[in-house]
Amino acid sequence: MLVNQSFKALEDPDREKFYCLSMFPYPSGKLHMGHVRNYTIGDVISRYQRMLGKNVLQPMGWDAFGLPAENAAIKNNTPPAEWTYANIDYMKGQLNRLGFGYDWDRELATCDPDYYKWEQWLFTRLIEKGMAYQKKATVNWDPVDQTVLANEQVIDGRGWRSGAVVEKRDIEQWFLKISDYSQELLDDLDKLPDWPERVITMQKNWIGRSVGLQMQFGLENTTETLEIFTTRPDTLMGVTYVAVAAEHPLAIEASKTNPELASFIEECKLGGVSEAEMETMEKKGFPLGINAIHPVTGETVPVFAANFVLMSYGSGAVMAVPGHDQRDWEFAEKYGIEKKQVIFPATDEQVGIEQAAYVEKGILKNSGEFDGLTSEQAFDAIADWLEAHGKGQRQVNFRLRDWGVSRQRYWGCPIPVIKDSAGNSRPATEFPVRLPEDVIVDGSGSPLKKMPEFYELANNEQRETDTFDTFFESSWYFARYCCPDANDSMLDERARYWLPVDQYVGGIEHAILHLLYARFFNKLMRDEGLIDNDEPFSRLLTQGMVIAETFYRENADGSKDWFNPADIDIERDSKGKVIQARLKSDGQPVISGGVEKMSKSKNNGVDPQDLINRFGADTVRLYTMFTAPPDQSLEWSEEGVEGAHRFLKRLWILAAEMSSDELGIPDELPERLQNSRREIHTNLKKALYDYERQQYNTVVSSCMTIVNNLYKLDETNEDKAVLREGMSIVLRLLAPIAPHVTHHLWTELGFGEDILTASWPQLDESALTQDTLEYVVQVNGKVRAKIQVAADADKAAIEETAKSNENVQRFTEGATIRKVIVVPNKLVNIVAN
RNA sequence: GCCCAGGUGGCGAAAUUGGUAGACGCAAGGGACUUAAAAUCCCUCGAGGGAAACCUCGUGCCGGUUCGAUUCCGGCCCUGGGCACCA
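Everything quoted here is computed from the prediction, not taken from an experiment.

Caption draft 1: The pattern of salt bridges, seen in detail. Inspection of every chain in the model, using the stated rule, returns 51 salt bridges. Between Glu275 and Arg399 there is a salt bridge, with its nearest N and O atoms 3.8 Å apart. On the criterion of sequence distance, the pair formed by Glu275 in helix H10 (residues 275-280) and Arg399 in the loop between strand E18 (392-398) and strand E19 (403-404) is long-range, its members being 124 residues apart. Residue classification places Arg399 among the partly exposed residues on the basis of a relative accessible area of 38%. Notably, a salt bridge pairs Arg494 with Asp492, separated by 2.8 Å at the nearest N-O pair. Among the ionic contacts, a cluster of salt bridges with common partners joins Glu184, Asp188, Lys191, Arg519, Lys523, Arg526, Asp527, Asp534 and Glu535.

Caption draft 2: Local environment of the sheet that holds strand E23 (residues 462-463). Strand order in the open sheet made by the 3 strands is E22-E21-E23, with antiparallel pairing throughout. With partners counted over all chains shown, the strands left at the sheet margins are strand E22 (425-427) and E23, one partner each. Pairing between strand E21 (residues 417-419) and E22: 3 bridges, direction antiparallel. Paired with Val417 across the two strands is Pro427, which belongs to E22.

Caption draft 3: Representation of the environment of Asn55 within the structure. Residue position: Asn55 is located in strand E2 (residues 55-57). The class of Asn55 is buried, set by a relative accessible area of 6%. Spatially, the C-alpha atoms of Asn55 and Arg784 are 53 Å apart, while their sequence positions differ by 729 residues. When near neighbours in sequence (up to four residues on either side) are disregarded, Asn55 contacts Leu10, Glu11, Asp12, Arg15, Glu16, Lys17, Phe18, Tyr497 and Trp498.

Caption draft 4: Quick peek at the confidence of the model for chain A. Across chain A, the average pLDDT comes to 92, with 99% of residues at or above 70. Overall fold confidence (pTM) sits at 0.94, and the ipTM for the predicted complex is 0.96.

Caption draft 5: Spatial organisation of the nonpolar core. Grouped together as the largest cluster of nonpolar side chains are 167 residues, with contacts concentrated most on Tyr19, Phe123, Leu176, Phe478, Phe520, Met525 and Leu733. Setting aside residues no more than four positions away along its own chain, Leu176 makes contact with Phe123, Leu126, Met131, Ala132, Asp402, Trp403, Val405, Phe472, Phe520 and Phe521. Within the second largest apolar cluster, 40 residues are counted, among which are Leu213, Met215, Leu261 and Ala383.

Caption draft 6: A look at the packing of helix H21 (residues 671-692) against helix H23 (residues 717-734). Remark: H21 packs on H23, axes separated minimally by 11 Å, with the N-to-C direction vectors making an angle of 10°. In terms of their interaxial angle, H21 and H23 are classed as roughly parallel. Residues Arg672, Leu673, Ser676, Arg677, Ile680, His681, Leu684, Ala687, Leu688 and Tyr691 of H21 form the contact with H23, whose participating residues are Glu718, Asp719, Val722, Glu725, Gly726, Ile729 and Leu733.

Caption draft 7: Here's a closer look at the environment of Pro536. The topology assignment puts Pro536 in the loop between helix H17 (513-527) and strand E26 (537-543). The class for Pro536 is buried, based on a relative accessible area of 0%. Along the chain, Pro536 and Gly130 lie 406 residues apart, while their C-alpha atoms are 23 Å from each other. Non-local contacts of Pro536, meaning those with residues more than four positions away in its chain, are made with Phe478, Pro500, Val501, Ala518, Arg519 and Asn522.

Caption draft 8: Layout of H21. For H21, with 22 residues, the first-to-last C-alpha span of 31 Å sits near the 32 Å given by 1.5 Å per residue. Packing partners of the buried residues in H21 comprise helix H2 (33-51), helix H22 (696-711) and H23.

Caption draft 9: How the structure looks around helix H9 (residues 259-268). The complete set of buried residues in H9 reads Leu261, Phe264, Ile265 and Cys268. Buried residues of H9, seen end-on, are gathered within an arc of 100° and therefore sit on one face of the element. In this structure, H9 carries Pro259 and Glu260 as exposed residues pointing more than 90 degrees from its buried face. Its buried side turned inward, H9 meets strand E9 (167-176), helix H8 (249-255), strand E13 (285-293) and strand E14 (300-306).

Caption draft 10: Molecular detail of the sheet that holds strand E5 (residues 132-142). Read across the open sheet, the 4 strands follow the order E6-E5-E9-E19; overall the sheet is antiparallel. The sheet is open, and its two borders are formed by strand E6 (147-149) and E19, each paired with just one other strand. Sheet topology places E5 next to E9; 10 bridges connect them, and they run antiparallel. In the strand pairing of E9, Lys136 is matched with Glu172. Packing against the sheet, helix H5 (residues 113-129) makes contact with E5 and E9, and its axis sits at approximately 90° to E9.

Criteria and thresholds
- For every chain, the first residue of its written sequence is number 1, and the numbers climb from 1 along that sequence.
- Numbering of ligands from 1 and lettering of chains from A proceed in the order in which they are written.
- Only residues with pLDDT of 70 or above have their local features reported here, since the model is predicted, and side-chain atom pairs are shown and tallied only from 80 upward, although totals for entire chains, interfaces and linings are computed over all residues.
- To obtain the side-chain values, all non-hydrogen atoms of the structure were used and water was disregarded.
- For salt bridges, the criterion is a side-chain nitrogen of Lys or Arg within 4 Å of an Asp or Glu carboxyl oxygen.
- Secondary structure elements follow DSSP: runs of H or I of four or more residues count as helices, runs of E of two or more count as strands, with numbering from the N terminus.
- Burial classes: relative accessible area under 20% of the type maximum marks a residue as buried, over 50% as exposed, and values in between as partly exposed (1.4 Å probe, protein chains only).
- Only strands that DSSP links by at least two bridges are regarded as paired with each other.
- Working rule for contacts: check all heavy atoms of both residues, and any pair within 4.5 Å makes them a contact.
- Per residue, pLDDT measures the predictor's confidence, with a range of 0 to 100.
- Working definition of a nonpolar core: buried Ala, Val, Leu, Ile, Met, Phe, Trp, Tyr and Cys residues. They are joined through side-chain atoms within 4.5 Å.
- Lines are fitted to the C-alpha atoms to define the axes, a helix being fitted only along its stretch in contact, and any angle between axes, read from their N-to-C directions, falls within 0 to 180 degrees.
- Convention used here: angles under 35 degrees read as roughly parallel, angles over 145 as roughly antiparallel, angles from 65 to 115 as roughly perpendicular, and any remaining angle as oblique.
- The span you would expect from a helix comes to 1.5 Å times its residue count less one.
- Taking the helix axis as origin, the arc is that swept by the directions to the C-beta atoms.

Below, the structure is given as structure tokens:
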């Protein structure tokens, strides 16, 4: 195939490389508009960099393991592998019809044993290094289907298929010690100046470094202690109770003699494990009938079991300060627990804790020897006291938790671990550990657990039947693209040539998890000696969602039927405002449900294939680039697509009426044509700037303005020369966005062989010069006039012209001019009163 | 609940980052061409007032800083993304 060769990337140490990567798709069936947008942005950047002369690599592949394949398998009775490979086939055809310049020789699919064998190998290395370990973790358990559910499969606390109330269950799982890299993952964010600020902030908050105090509360009548961490030691003297997880050993022990507590603990097992659910559910607790001993005062405070404390995070116990933490305040209010105010405002302001917790920092009172200290001073004083008394120590804590990579699913990479009859694990030694592909999935239990031919080994040993989290595969694919055929190692020297990725493009929804895991994996691979770079992605562009209007009718039972926007007619009033929407087929009204992310459930998706068939790939690409800046959401509009199509037609017609004579710009041009050239080059300047800052919607605007100006030109040879120059500029500016049309016109007009290898247009600064400039004149900040001033006029002359303007005089008459501000080349503001 | 964004004409948006608010496009209205329609081309297009010149108001809401605020600061409201097993 021709496209294959044009975009084949070879390592060439003599050329500046540019690795442009778009997040690979999950092969769900067919491309959706979100893919089209993502890959158009990536392709525009790749072609732009290529026209700048760089050695560009743009690969594509498939994030092929995942839950939807199992769901499709249940629904259609097709093996996940078969379904996945068929989807890959179809979607690859679609990508090619959109004209994306991929090096298909580097294509990879994560479900290919030649791919996943290397992550199995790496995982066994991590086990040997102690970077991977096993521990119990809580999952959503569907008691009817006897299966683990993803958070997405828990709807209102119930299993999506069975409808059964979901329970929490602790099972043994594999973890990666990402927490060992917390500090480096945080620090290295400073090495990423070309990442969006919001992504950096989100990652920082997610890693969540805090300096606090780890301390031990005693327990009455035992020698045991409770480990507790706090970031607010200054409020320690306000502790009035301690809360432990419902499944904390202390709670379990107490429940043996307390049936009410036992049933409370049972109740806490209901519901899912997601943080959003944990944080928004009603906070409940139950006293254990045990007291904890305050480490400083020695006073006793009651211990509660609480549903919002999780056993698997931290030590499963928290101290509670109702006076200065809102959640603790509400809990204390509910259970009649004492609230103690120990922090007071540093100002004269009177703030109590009767209505709500006082969460600000301030001055300590009611805190014994710490009275009068500020919160900051108290932090150190209390930490020193506890350290001196051996009851606690300062500690840096991270919110980031170790990454649980075990999944109790079939369609994933088998975890390469073998267990002996005693349950001891050892890493596998031969790779790949191949996933059987001819498998029946029925939605109950784990298919691999029902396949002795997979897990049974000699000597009574068994294979692990869990598979990896699919984030595992997507955490290193960017490196494998550099050397997808490396047979002897995970990566080879070619990875050192191409990495890091110069530009990564993908959805904002990946701002935290995927990007953090990929950064982590990059460091794991570096520490394994496979690559040298610290960070995988130098520059990041997070594109917004594709959204569209929704329309529905409500049925008698309250359910809704959703109609596709393509099947709706819109009526507007004389100002163009929408007054009514009707279904085309029956002419009856439908209700507008607002603008939402394109989805099957709201039936507001648009099929890219249909668009390509009707308008061509260039129109679809141009529309997605023009309608919104890449990082904002893009609202679908049929009329907008027609507008993009209209522009390409205008470009085509203008070119068709041109001659291909090579006319140069004469040294002397009439003022009319100097103005035309100034318009062209002003817009070229904007477009060059916008290409660099990746704001492609205004690149297209500038191109449209240039074309509008070219349409105004006359028939003289001088006009034709300006037209030819303008056309050569606009074609190259548009080439990365609409490659097919521009390539055709480029060769047709005799500009060159291949626009892809054409030189990037250069700005002619001399075309921008002007004899006179327009200044805006303001009086007290309000625009009162526009004046023409010679370009070389000095400040005094500009002021004089401004003051002498008739309308300006109207507004300054009778007032004293206090100040005149002149902003060069822009404006004059006269301050008068 | 917590973290992060974003709110500008009828609509998508722009404003080179503190200096003319609304570029470019869509929709709408008027006109030209046509027997007619489509296509194409030309004009109008934030709101209110005024023959006009021009004036007043206007960038989610309230307040502040500044000669000047869509842009900076403080407080609210709404919408969207993420919250560790969707990808």
